[in-house]
Amino acid sequence: MELAMNYEVFDTPQEAAKKLAAEVAQLIRSRAAEGKGVVFGLATGATPLPFYAELIRLHKEEGLSFANVTSFNLDEYTGLPHEHKESYWYFMHHNLFDHIDIKPENVNLPCGTLAPDEIPAHCAAYEAKIKACGGLDLQILGIGRTGHIGFNEPGSDDKTITRQVTLDDLTKTDAAPAFGGFDNVPKTAITMGVATIMGAKKVRLMAWGEKKASIVKKAIQGPVTADVAASFLQKHPDAVFFLDKPAASEL
Ligand code: PGA
């Protein structure tokens, strides 16, 4: 089978985010018209911020309701309480959930503050809940410079599911400024696995800027390998990369 990743290149992140938000809005509205819900996998980081800003605008200015939406976030650091500004719980509420009408009971994130012996059961329950909700209709992704999607660092193969992982040094280096230094970055996180992500019916990955150009090239045009978790998306039947020109500059 010839593998080919679909990608689109935009002049600006805002244009890409607008197109992706329009696709998401269409999915929400078509399901609502059938009286049905829709399940999204969501991502954190700087990358999805223009996308979330556009979803908020669609809610406030164009009446897009999220009342039929269920969300599952990809990952969460371990050890950070909800009110910690770098927790993904805080990020999602601050940058999206507090500004739209999603029902709090439909929001799901891995819990980062469990005792170590509680984590395996929590991860299994997270996987089970995604399945019980009918699976992910659409998964939103960024990509780390290690090629991670979620926190699936190099070595994560396509059998991996939700679990606790150790963060790569490059990932911690990129997060260090936000935490006031490398040593303050949590050492582990809970993340959906590559198999969890590959189970989504649609996958949409965003990447902006020159810093992402070389890993974007590996993910799209390199071999499918656990060394670059995003490369597994080449095997997904409906995955699209949304790129700005600098991120696409090595393709
Ligand atoms: P970023 O992170 O959006 O902050 O660049 C992306 C990622 O690590 O997945």
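Everything that follows concerns the structure shown earlier in this document.
What comes next concerns the included structure. Just so we're clear, the structure is a prediction, and the values are computed from it rather than from any experiment. (Residues numbered from 1 in each chain as written. Predicted model: local features only at pLDDT ≥ 70, side-chain atom pairs only at ≥ 80, totals over all residues. Heavy atoms only, no water.)

1. Observations concerning the sheet that holds strand 7 (residues 163-166)
- Here we have three strands laid out as an open sheet, ordered 4-8-7, and antiparallel in their pairing. The sheet terminates laterally at strand 4 (75-77) and strand 7, the two strands that pair on one side only. On average, each strand axis in the sheet is tilted by 30 degrees relative to the strand beside it, whichever way the strands run.
- With four bridges connecting them, strand 7 and strand 8 (residues 188-191) associate as antiparallel partners. For Q164, the partnering residue across the bridge sits in strand 8 and is I190. (Pairing = 2+ DSSP bridges. Helix = DSSP H or I, 4+ residues; strand = E, 2+ residues; numbered from the N terminus. Axes fitted to C-alpha atoms, helices over the stretch in contact; angles between N-to-C directions.)

2. Topic: the sheet that holds strand 10 (residues 239-244)
- Judged by pairing direction, the sheet is parallel, and its seven strands sit side by side in the order 1-10-9-6-2-3-5 without closing on themselves. One side of each edge strand has no neighbouring strand; the edge strands of this open sheet are strand 1 (6-10) and strand 5 (107-108).
- When strand 6 (residues 138-141) meets strand 9 (residues 202-207), the two strands line up parallel, connected through four bridges. Bridge pairing in strand 9 places L141 opposite L205.
- Where helix 1 (residues 13-33) meets the sheet, its contacts fall on strand 1, strand 2 (38-42), strand 3 (69-73), strand 6, strand 9 and strand 10, and the angle it forms with strand 2 comes to roughly 155 degrees. (Contact = heavy atoms within 4.5 Å.)

3. A short note on the site of the ligand
- Around the ligand, the neighbouring residues are G45, A46, T47, G142, I143, G144, H148 and K212.
- Within the side chain of H148, an N or O atom sits 2.6 Å from an oxygen atom of the ligand.
- Contact with the protein chains covers 71% of the free accessible surface of the ligand, which is 280 Å².
- Here the shell around the ligand is built from residues that sort into two nonpolar, five polar and one charged. (Near = heavy atom within 4 Å. Polar contact = N/O pair within 3.5 Å; in protein donor to acceptor, adjacent residues only side chain to side chain. Areas by Shrake-Rupley, 256 points an atom, 1.4 Å probe, with all protein chains shown as cover. Nonpolar A, V, L, I, M, F, W, Y, C, P; charged D, E, K, R; others polar.)

4. What to know about the pattern of salt bridges
- Considering all chains together, one arrives at 16 salt bridges under this definition.
- Of the charged contacts, one joins E127 and K131 as a salt bridge, the two residues approaching to 3.9 Å between their closest N and O atoms. You can see E127 and its partner K131 sitting in helix 4 (residues 119-132), four residues apart, about one turn around the helix.
- For E127, a relative accessible area of 9% corresponds to the buried category.
- We note a salt bridge from K202 to D238, for which the minimum N-O separation is 3.2 Å. In this pair, K202 is assigned in strand 9 and D238 in the loop between helix 7 (213-221) and strand 10, connecting sequence segments 36 residues apart.
- Judged by relative accessible area, which is 26%, K202 ranks as partly exposed.
- Judged by relative accessible area, D238 falls into the partly exposed class, the value being 22%. (Salt bridge = Lys/Arg side-chain N within 4 Å of Asp/Glu carboxyl O. Buried < 20%, exposed > 50% of the residue type's maximum accessible area, 1.4 Å probe, protein only.)

5. Section: the packing of aromatic side chains
- Under the counting rule described, the total for this entry stands at seven aromatic pairs.
- Ring geometry for Y77 against F179: centres 5.3 Å apart, planes inclined by 90 degrees, an arrangement best described as edge-to-face. In this pair, Y77 sits in strand 4 while F179 sits in helix 5 (residues 169-179), placing the two residues 102 residues apart along the sequence. For the pair Y77 and F179, a shared accessibility class is recorded, and that class is buried.
- With centroids separated by 6.1 Å and ring planes inclined at 20 degrees, the aromatic side chains of Y88 and F151 adopt a geometry described as stacked. A residue pair is termed long-range when its members are at least 10 positions apart, and Y88 in helix 3 (residues 88-95) and F151 in the loop between strand 6 and strand 7 qualify at 63 residues.
- What links up through ring pairs into an aromatic cluster is the set Y77, Y88, F151 and F179. (Phe/Tyr/Trp six-rings, centres within 6.5 Å; stacked < 30°, edge-to-face > 60°.)

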